[in-house]
Structure formats: C-alpha cells, structure tokens
Amino acid sequence: MATKALIMKLRQTTGAGLNHCKQALTQSNGDLAQASTWLAEQGRVIALNKAHRATPKGVICAGFSQNWKAGMLLEVNAETDFCVKNDAFLKFAQLLMTTALELPADTLTPAALLYRQSTEGRPLQELLADLVLAVGENVTVARMARITIPEARYGVVNAYLHNRVGGYAQGIIGTAVGLTSDRDCSQHQDQLLDIARRLAMQVTSDPDTATPLLDQPFLQGDTPVGDWLASHRDRLGVLTITEHVSMRVGEGQQEEGKDFAQEVEKEVAKAARK
C-alpha cells in the first residue's frame, strides 16, 4: 500500500518524484526494497528513451586535489536551465567531479567515469538513471580535462568560474591554470593560488586571442602578463604557466540574448580594480 509516509521515505532515499514513488509502492505492495528496485529499472528505461534528446544547458564543475597539485574541469549537461538549477542535478554533478579526480590519467572519459562505483556502492551510471527519472530530462556528461603538476616541481592548479551556479564550484564558463615555481614557496601557497586564479580569469576573458598569453595586457591593464608574473620573482621565484584549459557550457552554442564575452569582460574589470 502506498501510504504517504512510505511515499515520502522512498522519495527521500531515491530522489524520485512523488508520482513515480507512489506507482513503485503500488507495484510492490508497499515493499520499500522492491519499490527501489522497480524505480531503478524504470530509471534505466527512461534514461535510454531520453538519450537522444539534446542537452544544451549545464554546468562546468571545478575540482582540486587536497594539495592543489591537480585540478579538473568537468561539463555536465541537461535539457533546460530549470533542471540545471535543481539541487539534485548540482549534487550529482559534484559527485561526478569528486569521483573524476580519482580516475587514472588513461581513463579520463565520461564512459569510464560513469562506470565507477559511487560511495554507496552503485555505479554512477545507475545514479544517473535515477536522476533522469527524478528530473524528467536527459542528463549527460560531456567532457573533462585535468591538469597535474609533476611531483618533482612545486606549484598549484586553480580555476576561475564565470556565472557560478548554486553553492558548489560550478559555473557556465570555467578555466583552469597550472602554475609552477622554481623554488619551494609552500608558505606562500595562498598567493600562488590567487595568481593562478587571476591568470584563469585572464584566459577566460579572451580564450581565442591570437596574442600569446604572456604578451597580453594583464586584466585590461598596461602590464603584459609575463611582466606581471616576473614582478613576483623576489618573493615567489620564477613562475611558469604549465598549462591552461577552458570550457563553456554547450561550446559553440551562443544563448539568445547572452554575450558571454562581454559578461566576462565586466568581471575582469572588477578584478583589475582590486
């Protein structure tokens, strides 16, 4: 029997909608375990049926190792902005990011990620099907990229996220930057992280420019990026940008009425005044 208490308990544990929970409990005569299994099977079927649907909206997630020597960007997509703002979607995206940080370098693919086990012992692919059932939209993992600082070198990876979504490290545009020093300046890690983030903002403001990054004016000022980095040499040593990567949700698809480049320029102008 699908009582209100059972429906709410099933919804709490599975995240499925009220109607789906009621239907599952009816099919299983009020047995929560059987209802959960029924929902999982329905989720897989619904996910397959929705797999062909376009997912132009989404978030770029950023994640980092505890020592800041590795960082990742990950794009997770859905069909509408309404879904992207859903807390269940955002939590799942964050779980994907946390798991992706542990992937071996030779398996950095969406398929390999979804094959991994979640903390509750279920493949992420199954949790994805549960999410599709709950939100009623196709959800996809588009791509990922990781930057790693070699163990023998001192450095950090940090990122800039534009148009942050929710309370997580997620946004509409993201850039990650790897930065190293020729000396051990671990006591100045916070400063290195700030420099890496500002460099990520620099790249985000004009990622397709023909001008080499080190020759660009730093954050709309007059000083070239290379000279700005050199100005920190006495305190932090010789700083080198090892790598940078940028992602924008639905790469190449410009939202109507949105000019992302102009929005990033506004953020750059704010940073330049700091």
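Thresholds, definitions, all that
- Residues numbered from 1 in each chain as written.
- Predicted model: local features only at pLDDT ≥ 70, side-chain atom pairs only at ≥ 80, totals over all residues.
- Heavy atoms only, no water.
- Helix = DSSP H or I, 4+ residues; strand = E, 2+ residues; numbered from the N terminus.
- Buried < 20%, exposed > 50% of the residue type's maximum accessible area, 1.4 Å probe, protein only.
- Contact = heavy atoms within 4.5 Å.
- Areas by Shrake-Rupley, 256 points an atom, 1.4 Å probe, with all protein chains shown as cover.
- Salt bridge = Lys/Arg side-chain N within 4 Å of Asp/Glu carboxyl O.
- Phe/Tyr/Trp six-rings, centres within 6.5 Å; stacked < 30°, edge-to-face > 60°.
- Pairing = 2+ DSSP bridges.
- Axes fitted to C-alpha atoms, helices over the stretch in contact; angles between N-to-C directions.
- Parallel < 35°, antiparallel > 145°, perpendicular 65-115°, else oblique.
- Nonpolar A, V, L, I, M, F, W, Y, C, P; charged D, E, K, R; others polar.
- Expected span 1.5 Å × (residues − 1).
- Core = buried A, V, L, I, M, F, W, Y, C linked by side-chain atoms within 4.5 Å.

*Asks:* It is not clear to me how the overall build of the protein should be interpreted in this structure. Could you clarify?
*Replies:* Along the backbone of the protein there are 11 helices and seven strands. When the 274 residues of the protein are sorted by exposure, 46% land in the buried category. Within the protein, contacts between residues separated by at least 24 positions form 66% of all contacts whose residues are at least 6 apart in sequence. Accessible area for the protein stands at about 14100 Å²; split by element, carbon and sulfur atoms hold 49% of it.

*Asks:* Would you mind going over the pattern of salt bridges with me for this structure?
*Replies:* Side chains that differ in charge, positive against negative, can pair when their charged atoms come close. Taken as a whole and assessed by the stated rule, the structure comprises seven salt bridges. Several salt bridges share partner residues, and in doing so they unite Glu75, Arg143 and Glu251 into one network.

*Asks:* How should the packing of aromatic side chains be read in this particular structure?
*Replies:* How two aromatic rings sit relative to each other is set out by the distance from centre to centre and by the angle between their planes. Under the criterion given, the structure shown has two aromatic pairs. Ring geometry for Phe218 against Trp228: centres 3.9 Å apart, planes inclined by 15°, an arrangement best described as stacked. Linking Phe218 in the loop between α8 (189–205) and α9 (225–230) with Trp228 in helix α9, this pair joins segments that are 10 residues apart in sequence. Residue classification places Phe218 among the buried positions, given a relative accessible area of 10%. Judged by relative accessible area, which is 16%, Trp228 ranks as buried.

*Asks:* Can you help me understand the sheet that holds strand β3 (residues 140–148) in this one?
*Replies:* Picture the strands of a sheet paired through backbone hydrogen bonds; they go either parallel or antiparallel. Read across the open sheet, the four strands follow the order β3-β2-β1-β5; overall the sheet is antiparallel. Strand pairing shows two members of the sheet lacking a second neighbour, β3 and β5 (170–171), which therefore form its edges. Where strand β2 (residues 70–78) lies against β3, eight bridges are found, and the strand directions are antiparallel. In the sheet register, Glu75 faces β3, and the bridge partner there is Arg143. Relative to β2, helix α5 (residues 87–100) is tilted by about 145°, and along the sheet it contacts β1 (57–64), β2, β3 and β5.

*Asks:* Looking at this structure, how should I read the packing of α5 against helix α7 (residues 124–135)?
*Replies:* Packed helix pairs are characterised by how far apart their axes lie and by the angle those axes make with each other. For the pair α5 and α7, interaxial distance at closest approach is 11 Å and the crossing angle is 170°. By the criterion of interaxial angle, the relationship of α5 to α7 is roughly antiparallel. Judged by residue contacts, Ala88, Phe89, Phe92, Leu95, Leu96 and Thr99 of α5 engage Leu124, Leu127, Leu128 and Leu131 from α7. Here the residues of the contact of α5 with α7 are counted per class, giving nine nonpolar, one polar and no charged.

*Asks:* Got a minute to help me understand α8 in this structure?
*Replies:* Along an α-helix, residues three or four apart share an orientation, since each turn contains 3.6 residues. Under the 1.5 Å per step criterion, the end-to-end length of α8 is 24 Å for 17 residues, consistent within 8% with the ideal 24 Å. In terms of burial, α8 is largely enclosed, as 12 of its 17 residues are buried. Among all positions in α8, only Leu192, Leu193, Ile195, Ala196, Arg198, Leu199, Ala200, Met201, Gln202, Val203, Thr204 and Ser205 are buried.

*Asks:* Would you take a moment to explain the nonpolar core for this structure?
*Replies:* What tends to happen in soluble globular proteins is that the nonpolar side chains get buried as a cluster. If you look at the biggest cluster of nonpolar residues, it comprises 43 residues, and the most contacted ones within it are Val59, Leu74, Val76, Phe89, Leu96, Leu113 and Val139. Excluding residues within four positions of it along the chain, Leu74 makes contact with Val59, Ile60, Cys61, Ala93, Leu96, Met97, Leu113, Val141, Arg143, Met144 and Met247. Grouped together as the second largest cluster of nonpolar side chains are 23 residues, Tyr160, Val177, Met201 and Leu236 included.

*Asks:* I tried to follow the pairing of β2 on my own but got confused; where do I start?
*Replies:* Most of β2 is tucked away, with nine of its nine residues classed as buried. Residues Ala70, Met72, Leu74, Val76 and Ala78 point to one face of β2 and Gly71, Leu73, Glu75 and Asn77 to the other, with burial holding for every one of them. Across eight bridges, the pairing between β1 and β2 is antiparallel. Among the inter-strand pairings, Gly58 is bridged to a residue of β2, identified as Asn77. In this structure, the hairpin formed by β1 and β2 is closed by a connection of five residues, where Trp68 is found at a positive phi of approximately 65°.

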